[in-house]
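# Observations on the model geometry
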Amino acid sequence: MKTVYLDNNATTPLAPEVIEAMFATTDLYGNASSMHTAGRAASEALERARIAVSEMINASSGSLIFTSGGSESDNAVFYTAKSLIDEGSQRNRILVSTVEHPAVIETVEALSSQGYRIDYIPVDAYGEVLPETLERLIDETVLLVSVMSANNETGTVMNIGELTRIAHRAGALMHTDAVQAIGKIPVDVHSWDVDYLSLSGHKFYGPKGVGALYIKNGVPFRTFVKGGHQEDGLRAGTYNTMSIIGMGEAARIVMERLDEDSDREWKLREKLRKGIEETIPQTHVNGHPEHCLPGTLNISFPQAEGESILLYLDFEGISVSTGSACATGSLEPSPVLLAAGLDVELAHGSIRFSIGRYTSEEDIDYVIEKLSPIIKRIREISTR
Amino acid sequence: MSTQNSPAWVYTDTVKDHFMNPKNLWTDDSYQPDGEGMVGSMACGDQMRVGITVKDDRIETLKWQTYGCASAIASTSMMSEMAIGMTLKEAYNLTPESITDHLGGLPQHKFHCSVLGDKALRAAIDNYLERQDKPNPYKASVAKIICECKGITDQRIEELVKNKEATTLDELRDITQFGTVCGKCRFKVQQLFDEYKHIYNV
């Protein structure tokens, strides 16, 4: 059966170049922290990967520490904020947007339940954090602002440069979770001027279970994973050499192909959007029409429930995701879509198509062909 | 992308069959049921409509529509096959548990998606008896006592929620005095209260 993978925001396949680079490291078994030749060989390869990942986000100075992925990177930043408050910082408020990934939302909820002051920055109808909203909420009590670079569900891209300027004017630190942005839009820590940035290897055709945290020179950091001297004591744990090298190779390809990939993905996304709008009545595109990741199309089908759409598509070999409650096991649909003010029924009937580097024109034609009879059929048996 | 052997599906093969080929769908506008009932809401993510025709006190035909997920579609399809031919009394006593058993089970967190079919069926039977001006002997017979101290049934709780007489748990307590003696029913009452609020979208 033909298979079409349109869930690249959930995770991406390994790039063939990455697989090759990772297999080439199987003899680099030395512990990269060891002084002997085997250790130094691993360490050199690992440092080359660090340079590639740093270059990808234009981090010419500052630290880039390797982590187990985006969730750990996010957790490490909030652990730092918590530690600073515990140490008696005059600033004791943390601001995060309402559409952050659970790695941020659940971490600050845990802090909130321990008595830390957390406030949420609302988004507009496109799911974007508007600079004026942050301006209104920020004051000299804010220690840290955290806003994602782009949203995983709607694809809406935030103006991190402007938000960072506002945070800095008020004297606050700025973190951005760039997990969804890397490999899709230019990510530049130098021009954005952020203090912390999280990224994850498996969202840009690298391996799973590896990521990084960028920390600007001179900003505070408190070690979250303790137990060893790796990363200058900033993050303990024996280096995951093979995965780090894979992520380095993935970063190298991103630098080479970013413009080409994002142009292609946007064309395919628009082809899919138009194809759906031409063949299916009553659809509703979610997220920002322009400030949007090139390959993300989040679209709602009234009178059709998301999990049903997802599973009927799965029978045709097509992988997508949904904001419906039924796919998560909770009774509430996607909090991200609800935060953007979307009607509950539209959230239940939302499908996210995320196009990637390996999506073809034929894939999109196939999805357009299969989707319309599925929606028609579901609507025929719907209660209205 | 390479095609690999399919890994196990989230649901059983029976669920898959009913999801792919739902039985007794109500797609024909000319269907004239003797009774019909609708429960749930689009906003809650699931809504169900059931229509029945009755002959000699038995369900002769049953047709249904749904806005819902795979579990809701499959369990209602299964329910429709089970209910046709049953006496009204048997049909009234169909439980979500017996429907999911026939489906070979549902994942734990999907069970709540399967509780609408039998409720819509009971609503259709109620509606049929009402239209016929017949007494409804079944309603009381399926009631389960939840609070033994105060003799409060699940049906009483359902009615209070459905008619918006109890919109909060506190209001329900003021009206019924549930849980005020031994207190052991409190958790169960809260669960039912939440479930009915979901089903009737209040």
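Residues numbered from 1 in each chain as written. Chains lettered and ligands numbered in written order. Predicted model: local features only at pLDDT ≥ 70, side-chain atom pairs only at ≥ 80, totals over all residues. Heavy atoms only, no water.

This next bit is on the interface of chain B and chain A. A common way to express how large an interface is: the accessible area buried when the components associate. Counting residues at the interface gives 33 residues for chain B and 26 residues for chain A. Here chain B meets chain A over a buried area of about 2,400 Å², counting both sides, of which 62% is carbon and sulfur. Counting across the interface, chain B meets chain A through zero salt bridges. For the side of chain B that touches chain A, the secondary-structure elements that each account for two or more residues are α1 (13-20), β2 (46-55), β3 (58-67) and α2 (70-83) of chain B. Each residue belonging to the side of chain B that touches chain A can be placed in one class, and the counts come to 17 nonpolar, 13 polar and three charged. (Contact = heavy atoms within 4.5 Å. Buried area = accessible area lost by both parts, 1.4 Å probe. Salt bridge = Lys/Arg side-chain N within 4 Å of Asp/Glu carboxyl O. Helix = DSSP H or I, 4+ residues; strand = E, 2+ residues; numbered from the N terminus. Nonpolar A, V, L, I, M, F, W, Y, C, P; charged D, E, K, R; others polar.)

So, about the domain arrangement of chain A. Residues and elements named next belong to chain A. Parsing chain A into structural domains produces domain 1 (4-12 + 258-380) and domain 2 (16-253). Just the C-alpha atoms count here: the centres of domain 1 and domain 2 sit 28 Å apart. Contacts between domain 1 and domain 2 engage 27 residues on the former and 31 residues on the latter. Across the domain 1 to domain 2 interface the summed buried area is about 2,500 Å²; carbon plus sulfur atoms make up 54%. The interface formed by domain 1 and domain 2 contains zero salt bridges. Across the domain 1-domain 2 interface, the total number found is 17 residue pairs in polar contact (both at pLDDT 80 or more). Looking at the side of domain 1 that touches domain 2 residue by residue, the classes come out as 11 nonpolar, 13 polar and three charged. (Domains from an automatic or database assignment. Polar contact = N/O pair within 3.5 Å; in protein donor to acceptor, adjacent residues only side chain to side chain.)

Before going further, it helps to examine empty space enclosed by the protein. All names here are of chain A. Taken as a whole, this structure holds one cavity of 30 Å³ or more when the rule is applied. Volume-wise, the largest cavity comes out at about 30 Å³. If you trace the largest cavity, you find it lined by Asn-8, Thr-12, Lys-184, Lys-203, Tyr-205, Glu-265, Ile-355 and Gly-356. Split into classes, the residues belonging to the lining of the largest cavity amount to two nonpolar, three polar and three charged. Domain assignment of the residues forming the lining of the largest cavity places at least three in each of domain 1 (4-12 + 258-380) and domain 2 (16-253). (1 Å grid on protein atoms, 1.4 Å probe; cavity = no way out; pocket = protein on both sides within 12 Å on 5 of 7 lines; lining within 4 Å. Points joined across faces, edges and corners; volume = space filled by probe spheres on them.)

All names here are of chain B. For β2 and β3, the ladder comprises nine bridges, and the chain directions are antiparallel. Of the residues in β3, the one forming a bridge with Met-48 is Thr-66. Linking β2 to β3, which pair antiparallel, is a turn of two residues; within it Asp-56 sits at a positive phi near 50°. (Pairing = 2+ DSSP bridges.)

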